[in-house]
Structure formats: C-alpha cells, structure tokens
Amino acid sequence: MTDWDTVRRIALGFPEVEEDASGRTSYSVRGKRFAWEARERDGGGLAVRVDRDEKRLLLGSSPEVYFSSPHYNGYPGVQIRLEVIEVDELRERLEDAWLIQAPKRLANEFLGARR
C-alpha cells in the first residue's frame, strides 16, 4: 500500500536525516543508517533497523509484511514489503528505526517536541 516516494517523504521528515541515492537509496541520521533499499538478491524491499528482540516479534506477527533473508540473519534489521504495509505502520517502523540510530539527545528532543 506504499511506495518508495512514501518512504522518502516519511524518512526525510525526521531531524537531521540524510538521503544517499547513489546506488541503492538509504537514509541515515548523523552517519548511522536506519533504512535502506535491500538488494534484490536478498529479497528486495525496504530494510530497517529494529531492536534485536523486536525482530522476532515482527517476523512472527506479520509474515506477509515483514521478512528476513539469510543475509540479515543475526543482524538487527527486517525487510518490508512496501506493496503490503500500511502507511501508518511504515511511519512507525521508520520512526523506531530512526530512534534506534539517532543520538540520545536528538531522539529525546524529537520525542519531547511531540508532547
């Protein structure tokens, strides 16, 4: 239900995000990548950073949306099928990924501004 334009719009809405479109598109906060275009040979889709414990929960809860190729075994990331995920859920995944990678002060400022 989403596409790469939606990913871009949401990702660039977080503070201090940089987009790298030289090859496979990726999004970073202060040099730490939080979302990127997964390689086709690894199943494609959008890859995002997740908490290691959350990875199992996501993969088990919605296997039609979330998956992980062998390339990502042992890595705190999941792949997302953009053609299936709803926009609100995508926004939540991208925000969580951004919060994992953002410096604590920046993350706290972001969360405080939302209250």
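Small disclaimer: the values here were computed from a predicted structure and weren't measured. (Residues numbered from 1 in each chain as written. Predicted model: local features only at pLDDT ≥ 70, side-chain atom pairs only at ≥ 80, totals over all residues. Heavy atoms only, no water.)

Things to note about the overall build of the protein chain
Put simply, the test is: In DSSP terms, a helix is any run of H or I states spanning at least four residues, a strand is any run of E spanning at least two, and both are numbered starting from the N terminus. The size measure is the radius of gyration over C-alpha atoms, and the globule rule it meets is 2.2 Å times the number of residues to the 0.38 power. Relative accessibility thresholds used throughout: buried, under 20% of the residue-type maximum; exposed, over 50%; partly exposed, between the two (1.4 Å probe, protein chains only). We call two residues contacting when some pair of their heavy atoms lies within 4.5 Å. Charged-residue counts in this description rest on Lys and Arg as positive and Asp and Glu as negative, His and the chain ends being excluded. Positions of charges follow a simple convention, taking NZ of Lys, CZ of Arg, CG of Asp or CD of Glu.
Helices and strands together make up the secondary structure of the protein chain, namely four helices and six strands. Sequence-ordered secondary structure for the protein chain, helices as α and strands as β, is α-β-β-β-β-α-β-β-α-α. In terms of overall size, the protein chain behaves like a compact globule, its C-alpha atoms giving a radius of gyration of 13 Å where 115 residues would be expected to give roughly 13 Å. For the protein chain, the spread of C-alpha atoms along the three principal axes comes to 35 × 30 × 25 Å. Counting over 115 residues, the protein chain shows a buried share of 43%. For the protein chain, contacts bridging at least 24 residues in sequence account for 49% of all contacts bridging at least 6. Charge-centre separation for the protein chain: the mean point of 19 positive side chains lies 6 Å from the mean point of 21 negative side chains.

Considering the nonpolar core
Quick note on the threshold: Residues enter a nonpolar core if they are buried and are Ala, Val, Leu, Ile, Met, Phe, Trp, Tyr or Cys, with the set joined through side-chain atoms within 4.5 Å.
Judged by nonpolar contacts, the single largest core of 28 residues is most densely connected at Phe34, Leu46, Val48, Ile80, Leu90, Leu94 and Trp98. Elements supplying a minimum of two residues to this core: helix 1 (4-11), strand 2 (26-29), strand 3 (32-37), strand 4 (46-49), strand 6 (77-80), helix 3 (87-101) and helix 4 (104-113). Residue contributions to this core peak at five residues, all from helix 3. Not counting residues within four places of it along the chain, the set of residues in contact with Leu94 comprises Val7, Ile10, Ala11, Phe14, Phe34, Ala35, Leu46 and Val48.

Structural notes on the sheet that holds strand 3
Hydrogen bonds along the backbone pair up the strands of a sheet, which may run parallel or antiparallel. Counted only if it meets this: Should DSSP find at least two bridges between two strands, the strands are regarded as paired. Angles shown run from 0 to 180 degrees and are taken between the N-to-C directions of axes, each axis being a line fitted to C-alpha atoms and, for helices, limited to the stretch in contact.
Spatial strand order, 1-2-3-4-6-5: six strands in an open sheet with antiparallel pairing. Each edge of the open sheet carries a strand with a single partner, namely strand 1 (17-20) and strand 5 (66-67). As paired elements, strand 3 and strand 4 share three bridges and run antiparallel to each other. Within the sheet, the bridge partner assigned to Ala35 lies in strand 4 and is Val48. Along the sheet, helix 2 (residues 52-61) makes contact with strand 5 and strand 6, crossing strand 6 at roughly 25°.

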